[in-house]
Structures are given as structure tokens and as C-alpha cells.
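What follows is the residue order along each chain.
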Amino acid sequence: MINFTKHILITAIFFLFGSLSSAIAADETIEMLNKQGKESMVYSKKVVRIKSGDTVNWIATTKGHNVEFIKGGVPEGVEKFKSKFNKDAQYKFTIPGIYAYWCTPHKSMGMIGFVIVDDNKTNLDEIKKTRFSGKSKKIASELINTF
Ligand SMILES: [Cu+2]
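Residues numbered from 1 in each chain as written. Predicted model: local features only at pLDDT ≥ 70, side-chain atom pairs only at ≥ 80, totals over all residues.

> How should the nonpolar core be read in this particular structure?
When a protein is soluble and globular, its nonpolar side chains tend to lie buried together. Formed by 27 residues in total, the largest nonpolar core has its most connected members in Tyr-99, Ala-100, Tyr-101, Met-111, Ile-112 and Val-115. Elements supplying a minimum of two residues to this core: strand E1 (28-36), strand E2 (39-43), strand E4 (55-59), strand E7 (97-102) and strand E8 (112-117). Apart from the residues within four sequence positions on either side, Tyr-101 is in contact with Val-67, Glu-68, Phe-69, Ile-70, Ile-112 and Gly-113. (Core = buried A, V, L, I, M, F, W, Y, C linked by C-beta atoms within 7 Å. Buried ≥ 20, exposed ≤ 12 C-beta atoms within 10 Å, placed from the backbone. Helix = DSSP H or I, 4+ residues; strand = E, 2+ residues; numbered from the N terminus. Contact = placed C-beta atoms within 7 Å.)

> Quick question: what am I supposed to make of the sheet that holds strand E3 (residues 47-50) here?
Sheet strands line up and pair through hydrogen bonds in the backbone, either parallel or antiparallel. The 4 strands lie next to each other as E3-E8-E7-E5, forming an open sheet whose pairing is mixed. Every interior strand has two partners, whereas the edge strands, E3 and strand E5 (68-69), have only one. Relative to E8, E7 is paired through 6 bridges, and the arrangement is antiparallel. Each bridged residue has a counterpart across the sheet, and for Tyr-101 the counterpart in E8 is Gly-113. Sheet contacts for helix H3 (residues 136-144): E3, E7 and E8; angle to E8, the most-contacted strand, approximately 25°. (Pairing = 2+ DSSP bridges. Axes fitted to C-alpha atoms, helices over the stretch in contact; angles between N-to-C directions.)

> Where do I start with the pairing of E4 in this structure?
Side-chain positions along a regular strand alternate between the two faces of the sheet. Here E4 shows a buried face lined by Val-56 and Trp-58 and an unburied face lined by Thr-55, Asn-57 and Ile-59. In this sheet, E4 lies alongside E1 in parallel orientation, the contact comprising 4 bridges. Counted as the bridge partner of Thr-29 is Asn-57 from E4. In this structure, E4 lies alongside strand E6 (residues 89-92), joined through 4 bridges in antiparallel fashion. Note that in E6 the partner of Thr-55 across the bridge is Lys-92.

> Could you clarify how one ought to interpret the sheet that holds E1 in this entry?
Read from one edge to the other, the open sheet built from 4 strands follows the order E2-E1-E4-E6, with strand pairing classed as mixed. In this open sheet, the two edge strands, each paired with only one partner strand, are E2 and E6. Each strand of the sheet is rotated relative to its neighbour by a mean of 20°, with strand direction disregarded. When E1 meets E2, the two strands line up antiparallel, connected through 4 bridges. Residue pairing across strands places Met-32 opposite Tyr-43, the latter belonging to E2.

> Is there a simple way to explain unusual backbone geometry in this structure?
Negative phi is the rule for most residues except glycine; trans is the rule for most peptide bonds. Of note, Met-41 is a non-glycine position whose phi angle comes to about 55°, a positive value. Of note, Met-41 is situated in strand E2. Classification of Met-41 by C-beta neighbours within 10 Å gives buried; the count is 22. Of note in the backbone geometry, Asp-119 takes a positive phi value of approximately 55° without being a glycine.

Below, the structure is given as C-alpha cells:
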């Protein structure tokens, strides 16, 4: 009988941990698209809010896109990140702050996105000073106003 109780307890603990870890992990998936509604060359979500330790997956739904962190548009201490064209990309965010990124060939067409980690806006001023190109300028300032 004691063994049975022990068994039930262990099962319960495993179940608890299992549901706990899946509740904590809030990974995001973003599609890289040629078209979404009236827009062309877009990420399916322009702004995502996550917690540090979460991973963002960018899916190469349509080809010809990538993800590149914008110089000066990421928190201090974050290293360069540039993914390969036509491939899914993945990045685990460990440093809190705002991350601005674009698609290298479509940056002037407005293909940009932001990731906000831990709702930390310490680098908002740097983000505002970031030089976005072409159509991205207007889109970026509209998005930044919502942060
Ligand atoms: Cu693109």
C-alpha cells in the first residue's frame, strides 16, 4: 500500500512539472511572407512580446526572406544575428529589451519586426534613433508608438 501511494505521488509530481513547464514556455512563431492581406513582404506578426528564455521561430513560408538584427537596434551585449535566406530561423532571447530586425533584401519595402523581451524598454531611445530605410521608417515609428 505504501508503494502504491508513492507511485501515485510520483505520477502527480511528474504531471505537475509537465504542465508547469509547458505553461512557462511561450515560444512564438512568425511567418515570413510575400503577401498578407494588402501588404507585401511582411512578417506575419510585426511585434511579439516574450519572456527571457523564450524562443522565436521564423518560418520560411515563402522564400527569399531572412531575419537580421538591426545594428544599434538591440539591447547592449546582444551579438549580431543574421539568418540564411529561404530557411526557417530560430533565436532564443536571453537579454531583456527591445529588438529591431528586418529582412535584408526587403528592409526598404517595410519588412521589419520587433521583439520585446520581459516588457523591458530600457533601450527605447536607441530604438527611436535607429535608421530604418525606405518604407520601414513610417512603419517603425507607428509601431514604436505602441510600445
Ligand atoms: Cu523579405
